[in-house]
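Observations on chain architecture
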Amino acid sequence: MIIDGLVQVAGIRSPGEARMLLDCGVDLLGFPLRLPVHAPDTSEEAARAIIEEAGPALCVLITYEEDPDRLVDLCRFLNVGTVQMHADVSPDTLARIKARAPLNIFKSYVVGRESMGPEQFVQAYSPVCDAFITDTFDPTTGASGATGQVHDWAVSAELVRRSLRPVILAGGLTPANVRGAIKSVCPAAVDVHTG
């Protein structure tokens, strides 16, 4: 999967919304499911129906599911080939997932919850990931993404500089700040859910 200058919008609730976003030029549609903090935007069954109509190649499962077998089963149920992993999983776990199914894996780097710096993260996860996505931790709710909050873009910019993999920028992006975010970070793509 080539990621360059893409826009991903998450939280699709209906086939009509999916069609409208694709007609507006959105490249990827994200479906957050199996979340520890937020309620999903739709059920797994409804997501499957939307994905079938929109086209599986344009759809991304966004999840905290950690178990390789359950994750692969969910991807097969939804008929998606790309998963955005927000769970705190090891590179070994991601390698086990890749061994079970030919999935594109986007691994999150959650600013404010990171356990290693950008350089160490890139070294550890590049062999088993196809892209990275930065997002924001909210210590008040414990949410690691979909917080509507902006993080320190300098951290995301450092991840971009260190990574040979594409980096997707998320975290509090809105029409008012996305241009500045792109100029500051130079990501391969941007992602919006709450903004």
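The coordinates are above.
Residues numbered from 1 in each chain as written. Predicted model: local features only at pLDDT ≥ 70, side-chain atom pairs only at ≥ 80, totals over all residues. Heavy atoms only, no water.

1. Quick notes on the pattern of salt bridges
Evaluation of the coordinates by the stated rule reveals 10 salt bridges. Its salt-bridge partner being Arg 34, residue Glu 65 comes within 3.1 Å of it at the nearest N-O pair. In this pair, Glu 65 is assigned in the loop between strand S3 (59-63) and helix H3 (68-78) and Arg 34 in the loop between strand S2 (28-33) and helix H2 (44-54), connecting sequence segments 31 residues apart. Residue classification places Glu 65 among the buried residues on the basis of a relative accessible area of 9%. The partly exposed category is assigned to Arg 34, whose relative accessible area is 31%. In this structure, Arg 161 engages Glu 158 in a salt bridge whose closest nitrogen and oxygen atoms are separated by 2.8 Å. (Salt bridge = Lys/Arg side-chain N within 4 Å of Asp/Glu carboxyl O. Helix = DSSP H or I, 4+ residues; strand = E, 2+ residues; numbered from the N terminus. Buried < 20%, exposed > 50% of the residue type's maximum accessible area, 1.4 Å probe, protein only.)

2. Focus on the packing of helix H6 (residues 153-162) against helix H7 (residues 178-185)
It is at 8 Å that the axes of H6 and H7 come closest, and there the two elements cross at 45 degrees. Here H7 runs oblique to H6, going by the angle between their axes. Of the residues in H7, those in contact with Trp 153, Ser 156, Ala 157 and Val 160 of H6 are Gly 180, Ala 181, Ser 184 and Val 185. Tallied by class, the residues present in the contact of H6 with H7 amount to 5 nonpolar, 3 polar and no charged. (Axes fitted to C-alpha atoms, helices over the stretch in contact; angles between N-to-C directions. Parallel < 35°, antiparallel > 145°, perpendicular 65-115°, else oblique. Contact = heavy atoms within 4.5 Å. Nonpolar A, V, L, I, M, F, W, Y, C, P; charged D, E, K, R; others polar.)

3. Overview of the side chain of Gln 84
Note that Gln 84 resides in strand S4 (residues 82-85). For Gln 84, a relative accessible area of 2% gives the class buried. Side-chain polar atoms of Gln 84 contact the side chain of His 86, separated by 2.9 Å. Leaving out residues up to four positions away in the same chain, Gln 84 has contacts with Gln 8, Val 60, Leu 61, Ile 62, Thr 63, Phe 106 and Ile 133. (Polar contact = N/O pair within 3.5 Å; in protein donor to acceptor, adjacent residues only side chain to side chain.)

4. Re the nonpolar core
Among the nonpolar cores identified, the biggest contains 41 residues, and Leu 29, Leu 61 and Leu 94 are the most heavily contacted of them. Per-element accounting of this core gives the leading share, 5 residues, to H3. By size, the runner-up hydrophobic cluster in this structure holds 11 residues, among which are Ile 62, Phe 106, Ile 168 and Ala 189. (Core = buried A, V, L, I, M, F, W, Y, C linked by side-chain atoms within 4.5 Å.)

5. Let's talk about the environment of Val 122
Assignment of secondary structure puts Val 122 in helix H5 (residues 118-125). For the pair Val 122 and His 151, spaced 29 residues apart in sequence, the C-alpha separation works out to 19 Å. Those residues within four positions of Val 122 in sequence are excluded, and the remaining contacts are Pro 127, Phe 132, Leu 159, Arg 162 and Ser 163.

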